[in-house]
Amino acid sequence: MAAFDTLRWRDGKLEMLDQRALPDHCLYLAFDSAQGVAAAIRDMVVRGAPAIGCAAAYGIALEARRLQQEPKDIFATGLDQAFHVLAQSRPTAVNLFWALERMRARLNALRESGQTEIAAALLEEARAISAEDVRLNRRMGEHGSALLRDGARVLTHCNAGALATAGHGTALGVIRSAVASGKKISVIVDETRPFLQGARLTAWELQQDDIPVTLIADNAAGFLISRREIDAVIVGADRVAANGDVANKIGTYSVAVLARRHAVPFYVACPLSTIDQRIASGADIPIEERGPEEVTGYGAVRWAPPGIDVRNPVFDVTPAELVTALITEKGVTWAPDETKIAALFNSK
Ligand code: MRU
């Protein structure tokens, strides 16, 4: 288990590790409303598809707790607004909407209950979503670690670790499990421009666990792959379409193309809650575009000329045909396609 909590419930509040401050400061921020949690998701205090889903679930629980003594109509309207504001926070990671739907279903089942009871049940549901996430990540880790040989040099992009989940991680969970099983694994991490999730988060997270990690500039990946210095690529996902197309952090597609060009396996690790069967192909996945300031500089530093036109799509889509295998809690699915993905939902 990683040596930190990404999210934790303390004294009636949700505390989240402020990922904007890493790796320099390990700082927890406390939240007591859905509005606050939605702003934290939008502003990247918490990020990564499963972690966003867990945060949103706690956001609903917080709002119910905050309004539990209010009259019935204020309680009901307040909760509706909480669902709305959280659903608006970020568009691409489907785990956000999956978690909100699960919280809505729990709420709908409690129509006859008192408000205190509803608030307690919603907190229980949020806790269950988080605990389940860690369990599923461990299961994915067990399935995926068999794909990595002892001594493997593994390239990853962005952060799909404990920081992006309730714990253990998806792509990094596979690596953690392989290391725990006694294999020597070294990780090469893309810095992941523009928000530097690789350089700031994955590098820090793996250092905490003493897993050997080497940071590279994004544009160095092709060189290392062409020199046969990478044995496998593992990434997470923000949304997988019904046909197996994968939306993940911008730059993932380029890595997948390079991996195919050089016959290096390209693995995607994600729970079934990241698969959106309502979306037929990657072309229909909503891709978030963020502000220009993430591209023109970082923090207080700016390197581009003022007034420059900027595009900042923060996710891209890797077609299923480039995915060697999908690693989920159900096992390893080689060359994922619509039929195999549908079967995952029907298997035990
Ligand atoms: O913009 P972010 O940092 O939320 O993007 C996160 C990613 O793209 C991760 O790779 C993805 O969510 C997988 S997390 C287990």
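Our subject is the structure that appears above.
As the structure is a computational prediction, the values presented were derived from the model and not from experiment.

A.B. asks: Account for the site of the ligand, naming residues and giving values.
C.D. replies: Neighbouring residues of the ligand: 19 residues in total, closest Arg47, Arg90, Asp238, Asn248 and Lys249. Here Gln197 contributes a side-chain N or O atom positioned 2.8 Å from an oxygen atom of the ligand. Within the residue set of the shell around the ligand, elements represented by two or more residues are α2 (49-67) and β9 (246-249). Considering only residue class, the shell around the ligand consists of eight nonpolar, seven polar and four charged. Each of two domains, domain 1 (7-137) and domain 2 (140-346), supplies a minimum of three residues to the shell around the ligand.

A.B. asks: So what's going on with the environment of Ala51? Residues and values would help.
C.D. replies: Here Ala51 shows up in helix α2. Sequence separation of Ala51 and Leu107 is 56 residues, and the distance between their C-alpha atoms is 21 Å.

A.B. asks: Would you mind going over the side chain of Ser33 in detail, with residue names and values included?
C.D. replies: By the secondary structure assignment, Ser33 is in the loop between β3 (28-31) and α1 (34-42). In this structure Ser33 touches Leu62, Glu63 and Arg66, once residues within four positions along its chain are discounted.

A.B. asks: Outline the packing of helix α3 (residues 72-87) against helix α4 (residues 94-108), supporting the account with residue identities and numerical values.
C.D. replies: In contact at an axis separation of 10 Å, α3 and α4 are set at 170° when each is read in the N-to-C sense. Between α3 and α4, the angle falls in the class roughly antiparallel. Where α3 crosses over α4, the two elements pack in a sense that is left-handed. On the side of α3, the interface is formed by Leu79, Asp80, Phe83, Leu86 and Ala87, while α4 contributes Leu96, Phe97, Leu100, Met103, Arg104 and Leu107. A class-by-class count of the residues in the contact of α3 with α4 yields nine nonpolar, no polar and two charged.

A.B. asks: Go over the environment of Ala232, please, and point to the residues and values.
C.D. replies: Of note, Ala232 is situated in strand β7 (residues 232-235). With a relative accessible area of 4%, Ala232 lands in the buried category. It is 7.6 Å that separates the C-alpha atoms of Ala232 and Tyr267, two residues lying 35 residues apart in sequence.

A.B. asks: Please set out helix α9 (residues 252-261) residue by residue, giving values where relevant.
C.D. replies: Of the positions making up α9, those classed as buried are Thr252, Val255, Ala256 and Ala259. The arc enclosing the buried residues of α9, seen along the axis, measures out at 100°, which places them on a common side. Backbone geometry just downstream of α9 places Ala263 in the positive-phi region, at approximately 55°.

A.B. asks: A description of empty space enclosed by the protein should follow, citing residues and the corresponding values.
C.D. replies: As enumerated under the stated definition, the model contains two cavities of 30 Å³ or more in all. Its boundaries defined by the atoms lining it, the largest cavity holds a volume of some 190 Å³. Surrounding the largest cavity, 23 residues form its lining, Arg47, Gly48, Ala49, Asn159 and Asp238 being those nearest its centre. Secondary-structure elements contributing two or more residues to the lining of the largest cavity are α2 and β9. In terms of residues, the lining of the largest cavity owes the most to one element, α2, which gives three residues. Looking at side-chain class alone, the lining of the largest cavity contains 11 nonpolar, eight polar and four charged residues. Of the volumes computed, that of the second largest cavity is approximately 40 Å³. Lining of the second largest cavity is provided by Met44, Arg90, Pro194, Phe195, Gln197, Lys249, Arg290, Glu294 and Val314. Looking at the lining of the second largest cavity residue by residue, the class counts come to four nonpolar, one polar and four charged.

Cut-off values and rules
- Residues numbered from 1 in each chain as written.
- Predicted model: local features only at pLDDT ≥ 70, side-chain atom pairs only at ≥ 80, totals over all residues.
- Heavy atoms only, no water.
- Near = heavy atom within 4 Å.
- Polar contact = N/O pair within 3.5 Å; in protein donor to acceptor, adjacent residues only side chain to side chain.
- Helix = DSSP H or I, 4+ residues; strand = E, 2+ residues; numbered from the N terminus.
- Nonpolar A, V, L, I, M, F, W, Y, C, P; charged D, E, K, R; others polar.
- Domains from an automatic or database assignment.
- Contact = heavy atoms within 4.5 Å.
- Axes fitted to C-alpha atoms, helices over the stretch in contact; angles between N-to-C directions.
- Parallel < 35°, antiparallel > 145°, perpendicular 65-115°, else oblique.
- Left-handed = near helix turned anticlockwise from the far one by under 90°.
- Buried < 20%, exposed > 50% of the residue type's maximum accessible area, 1.4 Å probe, protein only.
- Arc of directions from axis to C-beta.
- 1 Å grid on protein atoms, 1.4 Å probe; cavity = no way out; pocket = protein on both sides within 12 Å on 5 of 7 lines; lining within 4 Å.
- Points joined across faces, edges and corners; volume = space filled by probe spheres on them.

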